[in-house]
Each structure stands twice: as C-alpha cells, then as structure tokens.
Amino acid sequence: MNIIKAIIERRSVRSFNGECLTPDQTDILQKAIDDSSSPFGGNVSIRLRHFGSKGEYRPSTYGVIRGACDYFLIAMGPDDHSALSAGFRFEQVVLKAWRLGLGTCWIAATFKGSDFDRAEIWPSGESLKIISPVGVASKQSLIEKVTRMTLGSKRRKPFDQLFFSDDFTHPLDRNNTFARSLDMLRLAPSSTNSQPWRAVVTNDKVRFYYIPKSKLSILDCGIGLCHFHECEKHLGHNGIFVDEAAVDNAPSRWKYLITYRREVYLDSTRP
C-alpha cells in the first residue's frame, strides 16, 4: 500500500480484536517513531506502551475504545511549535500503522493521574496530551458507527472552500500542480472534524493559514501538513517549509501558519 492509498483509506478505529501487537509489529512501529521528524521544532515525545487488556475505555466524546492492548502516548510542550510538530510527527506513525493493517485513533483528553501517565517520566516542560490505541480493528459496532456519524468523520468541506489561488477569493483550480497534495491535506482527521486549515497558492508557494476553532487547531494543522508533505514526496516534489511575514489583507479569522516552497521537481513520471 503506497502512502496515498493509506491517506485515502485511513479511518479512526475504536473497536479492536483484543490481540496484542506482535514483536515484529512493535519493532516496526518503534522504528517509525524513531524515524519520524518535523521541520517545525518544539518538544515532542512519542512512546509505544503495552497495557494488556483494559476492557473498555471511555474518553469523553471519542466514543468507547474496546479491545486495545497497546497505546501510543504523545507528550509535548505548551507552545504552538510543539503542537504543530506533534501532529506532523505522530501522523507519520499513524500512516505507517495503517499500512501494516493496524488501526489507531487520536484521543486528546486529560490524562494526569491515569494509568497512561502514572508510570511515565516526561522531559522537562512536556506533558501527556494525546493517546492512541493501536491494533487490529474488529467489526465496527453500532455505537462506533453512530459515533462516526456524530463526529462527522466522513464529511469534509469541499476543495474550493479551503484552497485558493493568488488571493483569498478565487478558488484553486483542480488542475493546479498543488491540487493533489492539498486534497490529501483535506482528508486529514481533525478534532470534531473542524478542518481548520486554509491555503493560498501562488506560483511555486503555498501559504497555509488556519481558523482557530479549538485548543487543538494547531495540532490538527500538523496532521494535515503531514498528509500534504507525504503526498509531495510521493509525487517527486522537493520543497521546504519557511516562515514568512503574514499578509495584511487575509480574512479576519484567518491566522497565518507557515509557507511551503517547492525547490525542485524531481520526477514528472510519478502518478
């Protein structure tokens, strides 16, 4: 399964078959953690832990987690760079897990004093903010299907409401050279399906913005930028993220995030 197929097919999994990760799966996922990287800085720690059968876990609005033995724990610093990097790095691991046939589910909640946090010592300034079960999905329960419908997990804003050409009013053409990568961003998961990301394309640059919708909006953008960047690499594009001055005439609710600039187009034959 290539990365594009993984991005398109990935879904949040809340019901697992009760089997723990194999040693080989654990090793591959640990390598994915070790290999994950981010250009945005900040402080992020990702750990994979085995908890055995926890039965049911009810993390607020995320529905019931059933049958998971293993969990990822993601701690981060309190700043925006850390949140952006946490989303960017851990989604790399999520996509690797999906390509192995394993499901995950991003869960943000308060974990202080919980079994997930009790035995962990995090680097100074970091605290546990995200967990995710990981394992083989079981058949979706009725409750899980209802939860997905409630959270709007299958609904995404149309492409032309998110991405624009040159200014903030002209929708981006679907034939634009950045369209494929931006559409992969559009498919990224976000808190309550809030989809905070926006982008303006000008020549070889994409200026990314976000609309603050919750305290998780920056982290959500990190997830989306991971999808965008993974697609760019898959298509043979080489680019870098740079911090530019914000444009004064951006819509009032839009907050400038980062700019992506292509440097070299490596291979025009990739699908």
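Bear in mind the structure is a predicted one, so any value in this text is a computation, not a measurement.

Participant: I'd like to hear about the pairing of strand β4 (residues 70-76), residue by residue, with values.
Facilitator: Buried residues dominate β4, accounting for seven of its seven residues. Covered by surrounding structure in β4 are Asp 70, Phe 72, Ile 74 and Met 76 together with Tyr 71, Leu 73 and Ala 75, the residues of both alternating faces. Sheet topology places strand β1 (residues 44-50) next to β4; seven bridges connect them, and they run antiparallel. Bridge pairing in β4 places Ser 45 opposite Ala 75. In terms of strand pairing, β4 meets strand β7 (residues 127-135) through seven bridges, oriented antiparallel. Its bridge partner lying in β7, Tyr 71 is registered against Pro 133.

Participant: Break down the side chain of Thr 259 for me, citing the residues and quoting the values.
Facilitator: By secondary structure assignment, the location of Thr 259 is in strand β12 (residues 255-265). Take Thr 259: its relative accessible area is 0%, and that puts it in the buried class. Among the polar contacts made by the side chain of Thr 259, one reaches the side chain of Tyr 256 at a distance of 2.7 Å. Here Thr 259 is in contact with Lys 205, Val 206, Arg 207, Ile 240, Phe 241, Val 242 and Glu 244, once residues within four sequence places are set aside.

Participant: Give me empty space enclosed by the protein: which residues, what numbers.
Facilitator: Tallied over the entire structure, the rule returns one cavity of 30 Å³ or more. In this model, the largest cavity occupies a volume close to 40 Å³. Leu 185, Trp 197, Arg 198, Phe 208, Tyr 209, Cys 221, Leu 225 and Leu 257 together form the lining of the largest cavity. Taken together, the elements giving at least two residues each to the lining of the largest cavity come down to β9 (197-202), β10 (205-210) and α7 (217-234). Considered class by class, the residues forming the lining of the largest cavity number seven nonpolar, no polar and one charged.

Participant: Tell me about the packing of helix α2 (residues 23-35) against helix α3 (residues 80-99), and please be specific about residues and values.
Facilitator: Interaxial distance between α2 and α3 falls to 9 Å at its minimum, and their mutual angle equals 155°. On the basis of the axis angle, α2 is roughly antiparallel to α3. The two elements α2 and α3 meet at a crossing, and its hand is right-handed. Note on element contacts: α3 touches α2 through Arg 89, Gln 92, Val 93, Lys 96 and Ala 97, opposite Ile 28, Leu 29, Ala 32, Ile 33 and Asp 35. Residue classes in the contact of α2 with α3 are distributed as six nonpolar, one polar and three charged.

Participant: Tell me about unusual backbone geometry, residues and numbers included.
Facilitator: If you check the backbone angles, Thr 192 has positive phi at about 50° while not being a glycine. You can see Thr 192 is positioned in the loop between α6 (179-186) and β9.

Participant: Explain α7 to me, using residue names and the numbers behind them.
Facilitator: Across its 18 residues, α7 extends 26 Å between first and last C-alpha, which sits within 8% of the 26 Å expected from 1.5 Å per residue. Summarising burial for α7: 17 of the 18 residues are buried, a large majority. Just downstream of α7, Gly 236 is the residue with a positive phi angle, here 90°.

Parameters and conventions
- Within every chain, residues take consecutive numbers counted from 1 along the sequence as written.
- Reporting of local features is limited, given that this is a predicted model, to residues whose pLDDT is at least 70; pairs of side-chain atoms are given and counted only at 80 or more, and all residues count toward the totals for whole chains, interfaces and linings.
- No hydrogens and no water enter the side-chain calculation; it runs on all heavy atoms of the structure.
- Relative accessibility decides the category of a residue: with a 1.4 Å probe and only protein chains considered, values under 20% of the type maximum give buried, values over 50% give exposed, and everything between is partly exposed.
- Starting at the N terminus, helices and strands are each numbered in turn, a helix being any DSSP run of H or I of at least four residues and a strand any DSSP run of E of at least two.
- Any two strands with at least two DSSP bridges between them are considered paired.
- Polar contact is the term for a pair of N or O atoms within 3.5 Å; when the atoms are in protein, one must be able to donate a hydrogen and the other to accept it, and sequence-neighboring residues count only if both atoms are side-chain atoms.
- The contact definition used throughout considers only heavy atoms, calling two residues in contact when any of these lie within 4.5 Å.
- Cavities and pockets are defined on a 1 Å grid built over the protein atoms alone: a cavity is a set of grid points where a 1.4 Å probe fits but cannot escape, while a pocket is an open set with protein on both sides within 12 Å along at least five of seven lines, and lining residues are those with an atom within 4 Å of any such point.
- Grid points are joined across faces, edges and corners, and a volume is the space filled by probe spheres set on the points.
- Polarity classes work like this: nonpolar for Ala, Val, Leu, Ile, Met, Phe, Trp, Tyr, Cys and Pro, charged for Asp, Glu, Lys and Arg, and polar for all others, with Gly in that last group.
- Note on definitions: angles span 0 to 180 degrees between N-to-C directions of axes, and those axes are lines fitted to C-alpha atoms, for helices only across the stretch in contact.
- Should an angle fall under 35 degrees it is called roughly parallel, over 145 degrees roughly antiparallel, and 65 to 115 degrees roughly perpendicular, with every other angle called oblique.
- Rotating anticlockwise by less than a right angle from the far helix to the near helix defines a left-handed crossing, while the corresponding clockwise rotation defines a right-handed one.
- Here the expected length of a helix is defined as 1.5 Å per residue gap, with one fewer gap than residues.

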